[in-house]
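# Results of the structural survey
Chain residues, written in single-letter form:
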Amino acid sequence: MRRRGRGIACMWYPIGFTVSANPSAATVKVNEDGTATLLTGTVETGQGSLTVLGQIAAEALGIATEDVHVVSADTDATPMDTGAIASRTTYVTGNAVKLAGERARAILFEAAAPMLGVKPEQLEARDRKIQVRGFPQRSVPIGEAARHALVGKGEPPIGTASFNPPTVAMDPETGQGKPFATYVYATQIAEVEVDDETGEVEVLRIVAAHDCGTPINPMLVEGQVEGGIAMGLGFALQEEILFDAAGRQINPNLTNYIMPTSLDMPEIEVDIVPSYDPTGPFGAKGVGEPTSVPTAAAIANAIYDAVGVRMTALPMTAERVLAAIKAKRAADAPRLAAD
Amino acid sequence: MSDRRPVTEQEALRESLRGLETARLPATVPPAQFPIETLVPEVRQQTPAVGQRATRPDARLHGLGQTKYIDDLALPGMLHARIKRAGIAAARIARIDTRAAEAMPGVMAVLTGREIPANSFGPSLQDQPVLADERVRHAGDGVAAVAAVTEEIAAQAVERIVVEYEPLPAVFDPFEAMREDAPRVHPPAGNVYAHKIIRKGDVERALAEADRVFEGRWTTQMVEHVPIEPHAAIAAWDANGRLTVYSTLGRITLGRADIARTLALPVNRVQVVGTIVGGNFGGKNEISQEPVLALLAKKAGRPVKGVFTRGEEFYASTTRHPFFMDYSTGVGRDGRIRARKVRLVLDGGAYCSWSETTLGKACILATGPYKIEHVQVEAFAVYTNKTVAGAMRGFGAPQVCFAYESQMDEIAAALAIDPLEIRLANAFDEGAASPTGQTLESVVVKASLEQAAARFGWREPRS
């Protein structure tokens, strides 16, 4: 009989390296027409980080995402970056990009101020214009300001900056300290059906509410959450590297190492939890790794809710779940008889 | 032999393809239309840029199959590399005979570990050889490498390399490995190579005084990242002795430093170009075959490409640490957690890799997002003669979350408290102190619980 259950799990996860320095640097160059080029040493590994970094540069310059071209991942041409690791790109590299954009913008403000007859401090960059704060009708197109800076003043609008998250070393005896600049939080709830005759677990639905600070690009956040849940699902139910007695893997292939495919995926509903971190770029934190953290726990709790067995070892394969169900029946039976 | 004339590259290529149905033919790509006018959805032209569901600039390239992964790249005269894997978990290497491989038509270079200028790497402990030279510590260790005109010839040549091993006692269980008399993976050092502790309050007293104490052990398994694109790289030298490496590395700044160090080159003689990577998930955060390809390329005088087989992705790259987690949690009748004591043992496999980071994050996160006054976490990372465990999405967090959230539900069931409510009662608030004494800001764990519960319909009557 298929029995339905639900399980909840929440988590916290840090952004960036544990105490040790993990800086990023970035360079933003504003072109003569007000478009821009961003140089970053990070690597696009499929998560969409270059899109997010381009959006951050665009926001700092008051231009559109489309106006920024991102050059990445060449040690000869791009600045140092600690890389696509530790859920740090949006927060750490993003902060560097924002600072670099603001430095380029400051050169544009210096160029635009005399054109508008105000001080640079009175200016803001929005909608591809440099405009007087509070008087948006007094503005110059950002391209005009950039051209004036470059060919009029001879000061190219380029900004370079770096960022390293502030931390405090941990005491070796007690572990007390501030190992990370910030953390994110999340909850996932799983609904499952467990076949109590075969032990098979089917995950029907997962609701995921994730905090990432300001979502720079909500679509990419949703993509991360869906991908992370796929990974969490395999960790929970299927995947395991097995060894023979001599320490050699016996299933190093995709035939015998079973991982979820699109057909195994449940309905996923993603919610982004409203949050703003003042230390992040425009309030952003990160989302990459945490998305696969609570999935296995939520499924384990849903299995308990469905059939009353507490799985303590991953993966929770049909064989293991069935063994646990049988053990529970055996344990319950004499008690019933004694009653 | 005397009657042997030099075999041309073309002949070798033809020879290798003869009768091989599995041989890969050059891919044909339909011509693409290149738009003069930029095709962009309107949403991307908006400001403010932050918060927009902006289309990825690479989406169109992915959709049209125009993204260039390493496997799509070829340099003139490029060779293909293959690495010979030990296939034995613990042994001393007595002798490596590469003569038969070197004599094969189409083989242009062969490399062993002794030829590598600085044959060690690792992000915290440099305990891993690029190619094992004296000692094999797990079955996936590379022991030699070949560069040949085709992948097939390279694979055949690797089979003809003869390695004589003197088997050594091996240890596969981390608890066994922790014993004094266990075989040592890196003698003379012991097998526990990282240890961390977090202590706050008085956990023993608080456990003794708690209304209820819950105890349990949770364990997790070794898994692979399984990116669609395996580890891949191309190494090419120019006439000035400058090296360019195209690689799937996720960390090119560190990668460049490691490649320069292992090859004993000044850093400015090395260029690392990160290509668009077909999935990382933590597995591509350190160098692997890059120095091997560089040295093969130098010996052969040609660019060399290496692409891990799917098998190598499993046994020669890093994996997720198996965890053994003992939890003791003291709880009041009201469901409030008073104390939590955790002991973690991480099976690190044969080399340290990112174990210290995994250990550290797991320790800090082990008690969960909960206000707990008395905390003690102690954790050990242990060498075994198994596949290397390293960085993988979550750095130990999915493991400890499985334990702390499973136990949370056990407590809830025992005290007849709803699983959602017991979490809300214990979860961090804004300004809460973490187990390391850090004041937490922008804390929204309760909001995430409420939001997920509302979306799921947790509080609605169950059918």
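Residue positions within a chain follow its written sequence, with the count starting from 1. Throughout, the order in which chains and ligands are written sets their labels, letters from A for the former and numbers from 1 for the latter. Restriction of local features to residues with pLDDT of at least 70 applies here, the model being predicted, together with a cutoff of 80 or more for giving and counting side-chain atom pairs; totals for whole chains, interfaces and linings are based on all residues. Only heavy atoms go into the side-chain values, all of them from the structure, while hydrogens and water stay out.

## Some points on the overall build of chain A
To keep things clear, this is the line we draw: Strands here mean DSSP runs of E at least two residues long; helices mean DSSP runs of H or I at least four residues long; both are numbered from the N terminus. For the radius of gyration, the atom set is restricted to C-alpha positions; the globular benchmark scales as 2.2 Å times the number of residues to the power 0.38. Note on contacts: a residue pair qualifies if any of its non-hydrogen atoms lie within 4.5 Å across the two residues. Computed by Shrake-Rupley with a 1.4 Å probe, the accessible areas treat only the displayed protein chains as cover when residues are assessed. We score Asp and Glu as negative and Lys and Arg as positive, and we do not count His or the chain ends. The location of each charge is read from NZ of Lys, CZ of Arg, CG of Asp or CD of Glu.
In terms of regular secondary structure, chain A is built from six helices and 11 strands. Taken over C-alpha atoms, the radius of gyration comes to 26 Å for chain A, far larger than the 20 Å a tight globule of 339 residues would show. Seen through its principal axes, chain A has C-alpha atoms that stretch 95 × 45 × 45 Å. At a minimum sequence separation of 6, the contacts of chain A that also span at least 24 residues come to 71%. Accessible surface computed for chain A: about 12400 Å², of which carbon and sulfur atoms make up 54%. Taken as two groups, the 27 positive and 41 negative side-chain charges of chain A have centres that lie 5 Å from each other.

## Topic: the environment of His-80 of chain B
All names here are of chain B. Rule in force here: Only protein chains enter the accessibility calculation, which uses a 1.4 Å probe. A residue is then buried if its area is under 20% of the maximum for its type, exposed if over 50%, and partly exposed in between.
Among the secondary structure elements, His-80 is positioned in strand E1 (residues 79–85). The buried category is assigned to His-80, whose relative accessible area is 17%. Spatially, the C-alpha atom of His-80 lies 46 Å from that of Arg-343, the residues being 263 residues apart in sequence. Not counting residues within four places of it along the chain, the set of residues in contact with His-80 comprises Val-146, Ala-147, Ala-148, Val-149, Thr-150, Glu-151, Ala-154, Val-304 and Lys-305.

## A word on the interface of chain B and chain A
Threshold: Buried area: the accessible surface (1.4 Å probe) lost by two parts on joining, summed over both. Salt bridge, as applied in this entry: a Lys or Arg side-chain nitrogen positioned within 4 Å of an Asp or Glu carboxyl oxygen. Each polar contact in these results corresponds to two N or O atoms within 3.5 Å; when the atoms are within protein, one needs to be able to donate a hydrogen and the other to accept it, and residues that are neighboring in sequence are counted only if both atoms are side-chain atoms. Ten residues, namely Ala, Val, Leu, Ile, Met, Phe, Trp, Tyr, Cys and Pro, are considered nonpolar, four, namely Asp, Glu, Lys and Arg, are considered charged, and the remaining ones, Gly among them, are considered polar.
Contacts between the two partners involve 113 residues from chain B and, on the opposite side, 123 residues from chain A. Roughly 9400 Å² is buried in total at the junction of chain B and chain A, and carbon and sulfur atoms are behind 58% of that figure. When residues of chain B are sorted by the area they lose upon contact with chain A, Arg-393, Arg-455 and Phe-456 of chain B head the list and together hold 8% of the total. Our count for the contact surface shared by chain B and chain A stands at six salt bridges. Among the salt bridges present, the one from Arg-53 of chain B reaches Glu-222 of chain A, with a minimum N-O distance of 2.7 Å. For the interface between chain B and chain A, the tally reads 57 residue pairs in polar contact (both at pLDDT 80 or more). Of all the elements, helix H11 (residues 397–414) of chain B adds the most residues to the side of chain B that touches chain A, at 11 residues. In terms of residue class, the side of chain B that touches chain A is built from 52 nonpolar, 37 polar and 24 charged.

## Observations concerning the sheet that holds strand E7 (residues 135–141) of chain A
All names here are of chain A. Here is the rule: What makes two strands pair is DSSP finding at least two bridges between them. The angle between two axes is taken between their N-to-C directions and runs from 0 to 180 degrees, where each axis is a line fitted to C-alpha atoms and a helix contributes only its stretch in contact.
Strand order in the open sheet formed by three strands is E5-E6-E7, and the pairing between neighbours is antiparallel. With partners counted over all chains shown, the strands left at the sheet margins are strand E5 (123–126) and E7, one partner each. The mean angle between the axes of side-by-side strands here comes to 35°, regardless of whether they run parallel or antiparallel. When E5 meets strand E6 (residues 129–132), the two strands line up antiparallel, connected through four bridges.

## Section: the domain arrangement of chain A
Residues and elements named next belong to chain A. Under the convention used in this document: Delimitation of the domains relies on an automatic or database domain assignment.
Considered domain by domain, chain A is made up of domain 1 (2–14 + 184–335) and domain 2 (24–162). Buried surface at the junction of domain 1 and domain 2, both sides included, amounts to about 1200 Å², of which 63% is carbon and sulfur. Of all residues in domain 1, the largest losses of buried area upon contact with domain 2 belong to Ile-216, Pro-281 and Phe-282, amounting jointly to 44% of the total for that side. Inspection of the region where domain 1 meets domain 2 yields zero salt bridges. For the side of domain 1 that touches domain 2, the secondary-structure elements that each account for two or more residues are strand E1 (2–14) and helix H4 (218–237). Broken down by class, the residue content of the side of domain 1 that touches domain 2 amounts to eight nonpolar, six polar and two charged.

## What to know about helix H7 (residues 252–263) of chain B
Residues and elements named next belong to chain B. Definition in use: Expected span of a helix, by definition, is 1.5 Å for each gap between consecutive residues, and there is one gap fewer than residues.
If you check H7, its first and last C-alpha atoms are 16 Å apart, about what 12 residues at 1.5 Å a residue would give, namely 16 Å. The complete set of buried residues in H7 reads Ile-252, Gly-255, Arg-256, Asp-258, Ile-259, Ala-260, Thr-262 and Leu-263. Packed against the buried residues of H7 are strand E10 (243–247), strand E11 (270–274) and helix H8 (290–300). At the exit of H7 stands Ala-264, carrying a positive phi of roughly 55°.

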